[in-house]
Amino acid sequence: QVQLVESGGELVQPGGSLRLSCAVSGLTLANYPIAWFRQAPGKEREGVSCASNSGGTYYSDNVKGRFAISRDNAKSTAYLQMNDLKTDDTAIYYCAAVESLSAIPAQYMRSAWYDYWGQGLQVTVSS
């Protein structure tokens with residue numbers, strides 16, 4: 001039984017920061033990629049960031065330089081540090097995991113690659 005449970009603040013002002021957490025159980029996080037996706041109203045779900053099992057990290061152009069993904073394998077928890085938040089960052093954020101590896105890192109930024117999903121967490125950036 002694989003479970004991903006998200007937590008973290010849901011409301012922040014523009015320019016502020018927020019850290020989301022994703023606690024993973026049922027699989028060994030150190031062996032697989034972990035990713036964050038988001039879906040804004042009226043838009044398709046998009047990849048935000050992912051971390052490979054080998055330490056590589058990847059970001060969408062919209063968040064590069066502002067967001068940082070990290071993982072604590074001992075705690076089986078992934079994080080998404082979000083800085084300089086903008087109104088356009090408002091969305092439901094999901095963490096995702098899969099018990100599979102790819103030689104093509106770009107696969108990890110596609111939602112179809114993942115089998116397991118967190119419940120979704122509303123992040124609202126507003127003054």
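Up top is the structure these notes are about.
Residues numbered from 1 in each chain as written. Predicted model: local features only at pLDDT ≥ 70, side-chain atom pairs only at ≥ 80, totals over all residues. Heavy atoms only, no water.

### Observations regarding the pairing of strand β9 (residues 91-97)
Working step 1: By the criterion of burial, β9 is predominantly enclosed, with six of the seven residues buried.
Working step 2: Examined bridge by bridge, strand β4 (residues 34-39) and β9 share six bridges and lie antiparallel to one another. By the bridge assignment for β9, alanine 35 is matched with alanine 96.
Working step 3: As judged from the three bridges shared by β9 and strand β11 (residues 121-125), these two strands associate in the antiparallel manner. Bridged to tyrosine 93 within β11 is leucine 121. (Buried < 20%, exposed > 50% of the residue type's maximum accessible area, 1.4 Å probe, protein only. Helix = DSSP H or I, 4+ residues; strand = E, 2+ residues; numbered from the N terminus. Pairing = 2+ DSSP bridges.)

### A short note on the layout of surface pockets
Working step 1: For the largest pocket, the calculated volume is near 160 Å³.
Working step 2: Taken together, Arg38, Gln39, Ala40, Lys43, Glu44, Glu46, Asn62, Arg66, Lys86, Asp88 and Asp89 make up the lining of the largest pocket. (1 Å grid on protein atoms, 1.4 Å probe; cavity = no way out; pocket = protein on both sides within 12 Å on 5 of 7 lines; lining within 4 Å. Points joined across faces, edges and corners; volume = space filled by probe spheres on them.)

### Notes on the state of the cysteines
Working step 1: As enumerated under the stated definition, the model contains one disulfide in all.
Working step 2: At a sulfur-sulfur separation of 2.1 Å, the disulfide partner of cysteine 22 is cysteine 95. Its S-S torsion of about 65° marks the bond between cysteine 22 and cysteine 95 as right-handed, since a negative value means left-handed. Of this pair, cysteine 22 sits in strand β3 (residues 18-25) while cysteine 95 is found in strand β9, placing the two residues 73 residues apart along the sequence. Summarising the burial analysis for this pair, cysteine 22 and cysteine 95 share the class buried.
Working step 3: Cysteine 50 takes part in no disulfide bond, and the closest cysteine sulfur to it belongs to cysteine 95, at a distance of 13 Å. (Disulfide = S-S within 2.5 Å.)

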